[in-house]
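Here are the chains, one letter per residue:
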Amino acid sequence: MTGVLVPDAPGAPGARVDVLNTLFHSDQGGHEQVVLCQDRASGLKAVIAIHSTALGPALGGTRFYPYANEEAAVADALNLARGMSYKNAMAGLDHGGGKAVIIGDPELIKTEELLLAYGRFVASLGGRYVTACDVGTYVADMDVVARECAWTTGRSPENGGAGDSSVLTAFGVYQGMRASAQHLWGDPALRGRKVGVAGVGKVGHHLVGHLLAEGADVVVTDVREDSVRRVTGSHPGRVSSVGDTEALIRTEGLDIYAPCALGGALNDASVPALTAKVVCGAANNQLAHPGVEKDLADRGILYAPDYVVNAGGVIQVADELHGFDFGRCEKKAAKIFDTTLAIFARAKEDGIPPAAAADRIAEQRMAAARSRSH
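Throughout what follows, the structure given in this document is the object of discussion. Since the model is a prediction, treat every value here as computed from it, not as a measurement.

With that out of the way, let us pick up the nonpolar core. For soluble globular proteins, nonpolar side chains are generally found buried alongside one another. If you look at the biggest cluster of nonpolar residues, it comprises 46 residues, and the most contacted ones within it are Met177, Val197, Leu207, Val208, Leu211, Val218 and Val220. Counting residues per element, this core draws most heavily on helix 6 (residues 166–185), at 7 residues. Apart from the residues lying within four places of it in its own chain, the contact partners of valine 197 are Gly204, Leu207, Val208, Leu211, Val218, Val219, Val220, Thr221, Leu248, Ala258 and Cys260. Among the nonpolar cores identified, the runner-up in size contains 23 residues, and Leu114, Tyr129, Met142 and Val144 belong to it.

Okay, here's the thing in structure tokens:
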């Protein structure tokens, strides 16, 4: 989305904002409901933000992260919830946008009692918000949350769920890359293209698999050395690595840059340094601030809007509510190719960056739903 509140980098400098002013008075607000949750017995402190239910119950994951302060946590929840409204609208889902954040280091404070308490808070909303996995939460966590809350997706197959949603998230990003190649080079094939993947965790390592299967030249980086070793070890001699993201974006001959870690990857420092002609990745809120999308366009860099191409996961968890069918979800995620091409066409027609075009299309769908309900 264009015009984000703060970089999607929890606890980042400058993340402390006047959240009430944002909520009630800023263009980035307009959320329907924000719930502050606390269970002292388990240590739970959480924020649930519902941006819109115009298209249906709000759907979005639960992020578990050691924010620098509570204001940063609330700001992140508001920002991410708004992003989910746009993502779900562009994915063609009958869901609005919501997001939850649990404050704290999951490796230190995550317990069964805390997750059960969180599940009770989600359940208290009566289905207005449907939760799933995000940074710091996993399928096993959703299985625990589901014991207290029927409105939980991303559960294990053993517990009636769809399992790991990162598989289809990566597939959708891959389709976005193919659409970008079609638009820019007239051919969706990625064979021989050099692709840099920043972040090879949950989603990134699946994306690497798709790229290698098509014959792309893949370069990776990750703050976790074990994640890099897993990818290079799984594909010996076929994947190269560089020390950090700064080195990756400056790699000579790079065709596509895929930010697949936390957001804010496209900023005043990174955009001028990019060698790639396409940016298409899985990270949320890649644009660090308003205006970055224009900076990319001015440099002739094609940006595939993050919330469009990374929607495969939300397509999967939404389907879980109706009895999960992987084939059905994969077909829907494959349509990300066509959606991305349509955004590029709209951007050219309106004379605006692709990010703004995607926003316009999503806003039109939400506005049409609101008008039908009145």
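It is worth spelling out helix 13 (residues 312–320) at this point. Within helix 13, 9 of the 9 residues are buried, which leaves the element mostly enclosed by the surrounding structure. When we look at burial in helix 13, the residues that qualify are Gly312, Gly313, Val314, Ile315, Gln316, Val317, Ala318, Asp319 and Glu320. Its buried side turned inward, helix 13 meets strand 3 (58–59), helix 2 (70–90), helix 6, helix 14 (326–334) and helix 15 (336–350).

Attention now moves to the side chain of aspartate 255. Considering the arrangement of structural elements, one finds aspartate 255 in the loop between helix 9 (245–249) and strand 10 (256–259). Dropping the residues within four chain positions of it, aspartate 255 is found in contact with Trp185, Gly192, Arg193, Lys194, Ala276, Lys277 and Val278.

Okay, the pattern of salt bridges next. In total, this model carries 17 salt bridges according to the counting rule given. In this structure, the salt-bridge partner of aspartate 350 is arginine 346, at a minimum N-O distance of 2.6 Å. One end of the pair, aspartate 350, and the other, arginine 346, are both in helix 15, 4 residues apart, so they sit about a helical turn from each other. Overall, aspartate 350 belongs to the partly exposed group, its relative accessible area being 28%. Three or more residues are tied together by salt bridges with common partners; here these are Arg63, Asp76, Lys99 and Asp134.

What follows covers the packing of helix 14 against helix 15. Relative orientation of the contacting elements helix 14 and helix 15 amounts to 20 degrees, with a least axis distance of 5 Å. In terms of axis orientation, helix 14 runs roughly parallel to helix 15. Contacts from Lys332, Ala333 and Ala334 of helix 14 reach helix 15 at Ile336, Phe337 and Asp338. Tallied by class, residues from the contact of helix 14 with helix 15 come to 4 nonpolar, no polar and 2 charged.

This next bit is on unusual backbone geometry. A positive phi is found at asparagine 285, a non-glycine position, where the angle reads about 50 degrees. Within the secondary structure, asparagine 285 sits in the loop between strand 11 (278–279) and helix 11 (292–298).

Bringing empty space enclosed by the protein into the picture now. One pass over the full model with this rule turns up 1 cavity of 30 Å³ or more. Quantified by volume, the largest cavity comes out at close to 60 Å³. What lines the largest cavity is a set of 10 residues, and nearest its centre among them are Leu80, Gly83, Met84, Asn284 and Asn285. Within the residue set of the lining of the largest cavity, elements represented by two or more residues are helix 2 and helix 12 (306–309). With 5 residues, helix 2 is the largest single contributor of residues to the lining of the largest cavity.

Moving on, we get to the sheet that holds strand 11. If you walk across this open sheet you meet the 6 strands as 9-8-7-10-11-12, and the pairing is parallel. Looking along the sheet, the strands with just one partner apiece sit at the ends: strand 9 (239–241) and strand 12 (302–303). Sheet analysis places strand 11 next to strand 12, joined by 2 bridges and oriented parallel. Looking at the pairing, valine 279 lines up with tyrosine 303 of strand 12. Its contacts with the sheet put helix 7 (residues 204–214) on strand 7 (194–198), strand 8 (217–221), strand 9 and strand 10, and the angle it makes with strand 7 is roughly 170 degrees.

Scanning the model with the defined rule gives 3 aromatic pairs in all. Each ring, one from phenylalanine 324 and one from phenylalanine 326, has its centre 6.3 Å from the other, and the planes form 75 degrees; the classification is edge-to-face. Phenylalanine 324 gets classed as partly exposed once you look at its relative accessible area, which sits at 27%. Note that arginine 193 overlies the ring of tryptophan 185, its terminal NZ or CZ placed 3.8 Å from the centroid. Between the NZ or CZ atom of lysine 202 and the centre of the ring of tyrosine 138, over which it lies, the distance is 4.4 Å.

A few words on the side chain of serine 270. Secondary-structure assignment places serine 270 in helix 10 (residues 270–273). For serine 270, a relative accessible area of 9% corresponds to the buried category. Of note is the side chain of serine 270, whose polar atom sits 2.7 Å from the backbone oxygen of alanine 265.

What follows is about the state of the cysteines. A complete count under the given rule lists 0 disulfides for this structure. Not engaged in a disulfide, the cysteine cysteine 280 finds its nearest cysteine sulfur in cysteine 260; these two sulfurs lie 8.4 Å apart.

What counts as what
Residues numbered from 1 in each chain as written. Predicted model: local features only at pLDDT ≥ 70, side-chain atom pairs only at ≥ 80, totals over all residues. Heavy atoms only, no water. Core = buried A, V, L, I, M, F, W, Y, C linked by side-chain atoms within 4.5 Å. Buried < 20%, exposed > 50% of the residue type's maximum accessible area, 1.4 Å probe, protein only. Helix = DSSP H or I, 4+ residues; strand = E, 2+ residues; numbered from the N terminus. Contact = heavy atoms within 4.5 Å. Salt bridge = Lys/Arg side-chain N within 4 Å of Asp/Glu carboxyl O. Axes fitted to C-alpha atoms, helices over the stretch in contact; angles between N-to-C directions. Parallel < 35°, antiparallel > 145°, perpendicular 65-115°, else oblique. Nonpolar A, V, L, I, M, F, W, Y, C, P; charged D, E, K, R; others polar. 1 Å grid on protein atoms, 1.4 Å probe; cavity = no way out; pocket = protein on both sides within 12 Å on 5 of 7 lines; lining within 4 Å. Points joined across faces, edges and corners; volume = space filled by probe spheres on them. Pairing = 2+ DSSP bridges. Phe/Tyr/Trp six-rings, centres within 6.5 Å; stacked < 30°, edge-to-face > 60°. Lys NZ or Arg CZ within 6 Å of the ring centre and 35° of its normal. Polar contact = N/O pair within 3.5 Å; in protein donor to acceptor, adjacent residues only side chain to side chain. Disulfide = S-S within 2.5 Å.

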